Amino acid sequence: METPEAAAPAGSLFPSFLLLACGTLVAALLGAAHRLGLFYQLLHKVDKASVRHGGENVAAVLRAHGVRFIFTLVGGHISPLLVACEKLGIRVVDTRHEVTAVFAADAMARLSGTVGVAAVTAGPGLTNTVTAVKNAQMAQSPVLLLGGAASTLLQNRGALQAIDQLSLFRPLCKFCASVRRVRDIVPTLRAAMAAAQSGTPGPVFVELPIDVLYPYFMVQKEMVPAKPRKGLVGRVVSWYLENYLANLFAGAWEPQPEGPLPLDIPQASPQQVQRCVEILSRAKRPLMVLGSQALLTPKSADKLRAAVETLGVPCFLGGMARGLLGRNHSLHIRENRSAALKKADVIVLAGTVCDFRLSYGRVLSHSSKIIIVNRNREDMLLNSDVFWKPQEAVQGDVGSFVLKLVEGLQGQTWAPDWVEELREADRQKEQTFREKAAMPVAQHLNPVRVLQLVEETLPDNSILVVDGGDFVGTAAHLVQPRGPLRWLDPGAFGTLGVGAGFALGAKLCRPDAEVWCLFGDGAFGYSLIEFDTFVRHKIPVMALVGNDAGWTQISREQVPSLGSNVACGLAYTEYHKAAMGLGARGLLLSRENEDQVVKVLHDAQQQCRDGHPVVVNILIGRTDFRDGSIAV
């Protein structure tokens, strides 16, 4: 028989269990109250009569950040933000494919120095942008992608076009966030804009569920049943939904700072700059390779150009740095880069990465002292443990580093015979080009000759957009951008289909420039429908389509290597007539008007000046100009 003393400990468990249960219940209630914002609602009321909506907050932040254009393909999920942007004077430019909207935002970012903005609807609207977002990531373009989404309450419940969008974009973007309450729109967008431009620039993604964009009364109508269910469960559900709704809109219209946050831009230390100055001062055959990162601050382009001229080091220009020194500058070396890199004793890789474009670093001589500067440490040291090794690796902004380098080397000069040696190699290559331009082709026009005439016709205020393989690869040797930030190519991702979006962003950013788009006929297939966009928005751009009826860059290798032209053949399609069907102007160049190439180009220019987008369909033959080039 149990004694009272033995039973006492068991009896004392009941109050402890009760205390634990009460504590758990209180914690659960406090957690629920926090999630529903019950404490926040005590101090921040909901204006249930207001017709304002979250789209207005989005537009206010964009305007405060100097955004003048937003590119989109409309959808019901994002309509409020587009209407609000229009009311605040932000021009809404709608395209025929979401990928074009992001490419246009990318071009806007590169040329303006602000964040390019695109807004697309949920689900397939967002998935259609993936290629362009990845391209922006690899090109290091600060792009803000705004994506619609299902209501916060209906996510993971089978709503229309509802997918896990954040998981899709996290590997592609520097910053990803989903806004859960209207009051969070402003701080989230400010943080996203700062992240896009800080450090190594890149794309950012903000998801805007439909219930944070529409007005209170519309969300209430959809969220809270007009006739709540009877009984205890019905009352609990109604109470929950009403408080969930109140939390969405509590404090929504209270004033908040909307302007830009400070940016975090890495800078080279004075000690690093001094060491680089000392290395370069002892050079006999210095060489510089400037990449796109040097032009991340477009407003500093003229200062950078003056600095490079003062430095006096011969240089190769790639990506957005093309055109930095204008046309035919004595310091700009255009050909035989691999041979020049082998001969140089000091090489400055300024915003250039040792990826496939530099043969992973294998083109660098082991006897050369290499200075590399890049905002991104991982990019900066790519393959350095395999094929090359830097003497100095500087993590910092490229443009400002070059300016500091010049300050430290004031008065330094290098023997002119080094530049002359490199220039002579260029002249020999140019003679080879002239000979190839004079060679007959089996049919249609010689593309080398056509592009030489384009080079002679191109005006000083032009911006070149290039989108294609073989035709564009040939143009890269023959057609020179006339100044800084006047060349737009996809970048390291090698993406086809950038042309229409880049042209759209370029023309809107620089309305006084003539935008010349050089397309391969394969690549032009991606952009053709956007001539409807150009016509509707009265955006005159000029497309030159090198039409050789094939994916020539691929067949150039596939046929001799594998013995088949399968999937490489296209037709001599009448692209000029297709463009005319979309309301644009169309012109044809073929062997029948071979002596009229310059005249047709001038006609196209005039029609652009009159406000019309133009497609010049150029029927070209095959040459051996790019034999030996690789497409992988």
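Residues numbered from 1 in each chain as written. Predicted model: local features only at pLDDT ≥ 70, side-chain atom pairs only at ≥ 80, totals over all residues. Heavy atoms only, no water.

The next subject is the confidence of the model for the protein. Chain-level statistics for the protein give a pLDDT mean of 91 and a share of 92% at 70 or above. Ignoring residues within four places in sequence, the model shows residues 4-8, a span with pLDDT below 50, making one contact including any to other chains. (pLDDT = per-residue confidence, 0-100. Contact = heavy atoms within 4.5 Å.)

Right, let's talk about the nonpolar core for a bit. Phe71, Leu290, Phe401 and Val402 are the most contacted members of the largest nonpolar core, which totals 91 residues. The next biggest cluster of nonpolar side chains, apart from the first, holds 45 residues, and it includes Val67, Ala84, Cys85 and Ile185. (Core = buried A, V, L, I, M, F, W, Y, C linked by side-chain atoms within 4.5 Å. Buried < 20%, exposed > 50% of the residue type's maximum accessible area, 1.4 Å probe, protein only.)

Across the eleven residues that make up helix α19 (residues 447-457), a large majority, nine, are buried. Regarding α19, the residues found buried are Pro447, Val448, Val450, Leu451, Gln452, Leu453, Val454, Glu455 and Thr457. In this structure, the buried residues of α19 make contact with α18 (416-438), α20 (470-478), β14 (514-520), β15 (542-547), α26 (597-609) and β17 (614-619). In this structure Asn446 caps α19, since a side-chain oxygen of it lies 2.9 Å from the backbone nitrogen of Val448. (Helix = DSSP H or I, 4+ residues; strand = E, 2+ residues; numbered from the N terminus. Polar contact = N/O pair within 3.5 Å; in protein donor to acceptor, adjacent residues only side chain to side chain.)

In an α-helix there are 3.6 residues to a turn, and that puts residues three or four apart on one side. Its 13 residues place the ends of helix α10 (residues 185-197) 19 Å apart at the C-alpha level, agreeing with the 18 Å of an ideal helix rising 1.5 Å per residue. Of all the 13 residues making up α10, eleven are buried; the element is thus mostly covered by neighbouring parts of the structure. Among the residues making up α10, those that are buried are Ile185, Val186, Thr188, Leu189, Arg190, Ala192, Met193, Ala194, Ala195, Ala196 and Gln197. Positioned one or two residues after α10, Gly199 has a phi angle of 55 degrees, which is positive. (Expected span 1.5 Å × (residues − 1).)

With that settled, consider the side chain of Thr95. Tracing the chain through its elements places Thr95 in the loop between β2 (91-94) and α6 (98-112). Residue classification places Thr95 among the buried residues on the basis of a relative accessible area of 4%. Within the local environment of Thr95, its side chain forms a polar contact with the backbone oxygen of His97, the two atoms lying 2.8 Å apart. Among residues more than four places away in sequence, those in contact with Thr95 are Thr72, Leu73, Thr100, Ala101, Leu504, Glu530 and Thr533.

An order of β2-β1-β3-β4-β6-β5 is seen for the six strands of this open sheet, with the pairing classed as parallel. Strand pairing shows two members of the sheet lacking a second neighbour, β2 and β5 (175-178), which therefore form its edges. Averaged over all pairs of adjacent strands, the angle between their axes in this sheet comes to 20 degrees, without regard to strand direction. Relative to strand β4 (residues 143-149), strand β3 (residues 116-120) runs parallel, the two being bridged by five bridges. For Val120, the partnering residue across the bridge sits in β4 and is Gly147. Each of β1 (69-73), β2, β3, β4 and β6 (204-209) is contacted by helix α5 (residues 79-87), which is oriented at about 150 degrees to β1, the strand it contacts most. (Pairing = 2+ DSSP bridges. Axes fitted to C-alpha atoms, helices over the stretch in contact; angles between N-to-C directions.)

The next point concerns the environment of Arg235. Counting through the fold element by element, Arg235 comes out in helix α12 (residues 231-249). It is 87 Å that separates the C-alpha atoms of Arg235 and Pro416, two residues lying 181 residues apart in sequence.

Evaluated as defined, the whole model comprises eight aromatic pairs. Ring geometry for Tyr240 versus Tyr244: centroids 6.0 Å apart, planes at 35 degrees, classification tilted. Here Tyr244 and Tyr240 lie together in helix α12, a separation of four residues that amounts to about one turn. Relative accessible area serves as the criterion here: at 36%, Tyr240 is assigned to the partly exposed category. The structure contains a cluster of three or more aromatic residues connected by ring pairs, namely Phe519, Phe524, Phe531, Phe534 and Tyr575. Sitting above the plane of the Trp487 ring, Arg322 keeps its charged end 4.5 Å from the centroid. (Phe/Tyr/Trp six-rings, centres within 6.5 Å; stacked < 30°, edge-to-face > 60°. Lys NZ or Arg CZ within 6 Å of the ring centre and 35° of its normal.)

Turning next to the sheet that holds strand β9 (residues 346-350). The strand order across the open sheet built from five strands is β8-β7-β9-β10-β11, with neighbouring strands paired in parallel fashion. Sheet topology places β8 (315-317) and β11 (392-395) at the edges, where each strand pairs with a single neighbour. The average angle at which neighbouring strand axes cross in this sheet is 10 degrees, direction not considered. Here five bridges tie strand β7 (residues 286-290) to β9, and the two strands are oriented parallel to one another. In the strand pairing of β9, Leu290 is matched with Ala350. Running at roughly 135 degrees to strand β10 (residues 369-374), helix α17 (residues 398-408) makes contact with β7, β9, β10 and β11 of the sheet.

A word on the pairing of β11. Judged by which residues are buried, β11 turns out to be one-sided: Glu392 and Val394 face inward and are buried, whereas Ala393 and Gln395, on the alternate face, are not. Two strands pair when backbone bridges link them, and β10 and β11 are joined in this way by four bridges, in the parallel orientation. Residue pairing for β11: Val373 is matched across the bridge by Val394.

What follows deals with the pattern of salt bridges. Taken as a whole, this structure holds 22 salt bridges when the rule is applied. As a salt-bridge pair, Asp603 and Lys599 come within 3.0 Å of each other at their nearest N and O atoms. Taken together, the residues Asp603 and Lys599, both in helix α26 and four residues apart, mark about one turn of the helix. By relative accessible area, which is 46% here, Lys599 ends up partly exposed. Residues joined by salt bridges that share partners form a network here, namely Asp94, Arg96, Asp532 and Arg536. (Salt bridge = Lys/Arg side-chain N within 4 Å of Asp/Glu carboxyl O.)

Looking now at the domain arrangement of the protein. When the parts of a complex come together, some accessible area is lost, and that lost area is often taken as the interface size. One can read the domain layout of the protein as domain 1 (54-249), domain 2 (270-420) and domain 3 (439-619). For domain 1 and domain 2, the distance between their C-alpha centroids amounts to 40 Å. Of the roughly 680 Å² buried between domain 1 and domain 2 on both sides combined, carbon and sulfur atoms contribute 52%. Of all residues in domain 1, Arg110, Gln140 and Thr200 bury the most surface against domain 2, accounting for 58% of the area lost on that side. Remark: the boundary between domain 1 and domain 2 carries zero salt bridges. The tally of links between domain 1 and domain 2 comes to four residue pairs in polar contact (both at pLDDT 80 or more). The biggest single contributor to the side of domain 1 that touches domain 2 is α6, with three residues. Counted by class, the side of domain 1 that touches domain 2 contains two nonpolar, six polar and one charged residues. (Domains from an automatic or database assignment. Buried area = accessible area lost by both parts, 1.4 Å probe. Nonpolar A, V, L, I, M, F, W, Y, C, P; charged D, E, K, R; others polar.)

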